[in-house]
Amino acid sequence: MTQLQTVPTVSAPLDTHTRSLLLAAEAVLAHLHPRAPLRLAQVNFEGVAYASAPDPDALRLNRALAEEVVLVASAQAAARALLGLAPSRMGLVRDAGELLASGLTEPEEKEVLPAYLSVLEARARVLLRRSWAEVEVVAAGLRELGQLDARDVAHRIACAQSIRGTLLN
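For clarity, every value in this text was computed on a predicted model and none was experimentally measured. (Residues numbered from 1 in each chain as written. Predicted model: local features only at pLDDT ≥ 70, side-chain atom pairs only at ≥ 80, totals over all residues. Heavy atoms only, no water.)

An account of the pattern of salt bridges is requested, with residue identities and associated values reported.
All told, the structure shown has six salt bridges when counted by the stated rule. Here Arg-35 and Glu-68 are joined by a salt bridge, their closest N and O atoms 2.9 Å apart. Separated by 33 residues along the polypeptide, Arg-35 in the loop between helix 1 (16-32) and strand 1 (40-44) and Glu-68 in helix 3 (residues 63-73) bring together distant segments of the chain. A relative accessible area of 25% places Arg-35 in the partly exposed class. Under the relative-accessibility criterion, Glu-68 is labelled buried at 19%. Of the charged contacts in the structure, one is a salt bridge between Arg-125 and Glu-121, with a shortest N-O distance of 3.5 Å. A residue pair is termed a helical-turn pair when its members lie 3 or 4 positions apart in one helix, as Arg-125 and Glu-121 do in helix 7 (residues 113-130) at four residues. (Salt bridge = Lys/Arg side-chain N within 4 Å of Asp/Glu carboxyl O. Helix = DSSP H or I, 4+ residues; strand = E, 2+ residues; numbered from the N terminus. Buried < 20%, exposed > 50% of the residue type's maximum accessible area, 1.4 Å probe, protein only.)

Tell me what's going on with helix 4 (residues 75-83), and back it up with residues and numbers.
Three or more residues of helix 4 are buried, namely Ala-75, Gln-76, Ala-78, Ala-79 and Arg-80. On the buried face of helix 4, the contacting elements are helix 1, helix 3 and helix 7. Note on helix 4: the residue one or two positions beyond its end, Gly-84, has a positive phi of about 75°. (Contact = heavy atoms within 4.5 Å.)

An account of the packing of helix 8 (residues 132-145) against helix 9 (residues 150-168) is requested, with residue identities and associated values reported.
At a minimum axis separation of 8 Å, helix 8 and helix 9 run at an interaxial angle of 135°. As the angle between them shows, helix 8 and helix 9 are arranged oblique. Note that helix 8 runs across helix 9; the crossing there is right-handed. Along its contact with helix 8, which presents Ala-133, Glu-134, Val-137, Val-138, Gly-141 and Leu-145, the element helix 9 presents Val-153, Arg-156, Ile-157, Ala-160, Gln-161 and Arg-164. Looking at the contact of helix 8 with helix 9 residue by residue, the classes come out as seven nonpolar, two polar and three charged. (Axes fitted to C-alpha atoms, helices over the stretch in contact; angles between N-to-C directions. Parallel < 35°, antiparallel > 145°, perpendicular 65-115°, else oblique. Left-handed = near helix turned anticlockwise from the far one by under 90°. Nonpolar A, V, L, I, M, F, W, Y, C, P; charged D, E, K, R; others polar.)

So what about the confidence of the model for the chain? Which residues, and what values?
A residue-level look at the chain finds 89% of positions with pLDDT of 70 or above and a mean pLDDT of 87. A low-confidence stretch, residues 1-10 (pLDDT under 50), is modelled with one contact involving residues beyond four sequence positions or located in other chains. (pLDDT = per-residue confidence, 0-100.)

Could you give me a rundown of the pairing of strand 2 (residues 47-50), with the residues and numbers involved?
Taken together, the four bridges between strand 1 and strand 2 define a ladder with antiparallel strand orientation. By the bridge assignment for strand 2, Asn-44 is matched with Gly-47. Taken together, strand 1 and the strand that follows it, strand 2, pair antiparallel across an intervening segment of two residues. (Pairing = 2+ DSSP bridges.)

Outline the nonpolar core, listing residues and values.
Counting residues in each nonpolar core, the largest one holds 40 residues, and the members touching the most others are Leu-40, Val-43, Leu-128, Val-135, Val-138 and Val-153. Broken down by element, this core gets its largest block of residues, nine residues, from helix 1. Not counting residues up to four positions away in its chain, the partners in contact with Val-153 are Ala-27, His-31, Leu-40, Val-43, Val-138 and Leu-148. (Core = buried A, V, L, I, M, F, W, Y, C linked by side-chain atoms within 4.5 Å.)

Run through the side chain of His-33, naming residues and quoting values.
For His-33, the position within the fold is in the loop between helix 1 and strand 1. Residue classification places His-33 among the buried residues on the basis of a relative accessible area of 13%. Apart from the residues lying within four places of it in its own chain, the contact partners of His-33 are Leu-38, Glu-68, Leu-71, Val-72 and Leu-127.

This is the structure in structure tokens:
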């Protein structure tokens, strides 16, 4: 009898559809949190590019900013979980764990870093579930054009929200 493998050992390369969903998830969450280090420059199949990098001093001084930056950085991991894919850190521009660690100042906080990170990833999953229509629309645009700038992402998100609003009313 053949034994089924339940845990993947090596993550296979992602198809274009799945890769576009992961990138769109990060782009949508970045758009929903309009802070300076989360301003999109563009999104393409190489990754999500931001207009500026997060300042470690600003992350230490502003906990809300740090949480939003980490939440957006964990968007692809959250989308992988929603899609039932194995965790992977390949292709990430910003490492959520490193960003969170750079924003923490107290030793007690650093002791609970994995738990804190899992809470922020759970929040990212909740936001992605609520905004999955926007993720699908941005992903479709990415597959169609290969690259979207911030204005294109904003337009597609507004269209998806308008359609949802019309259908729900």
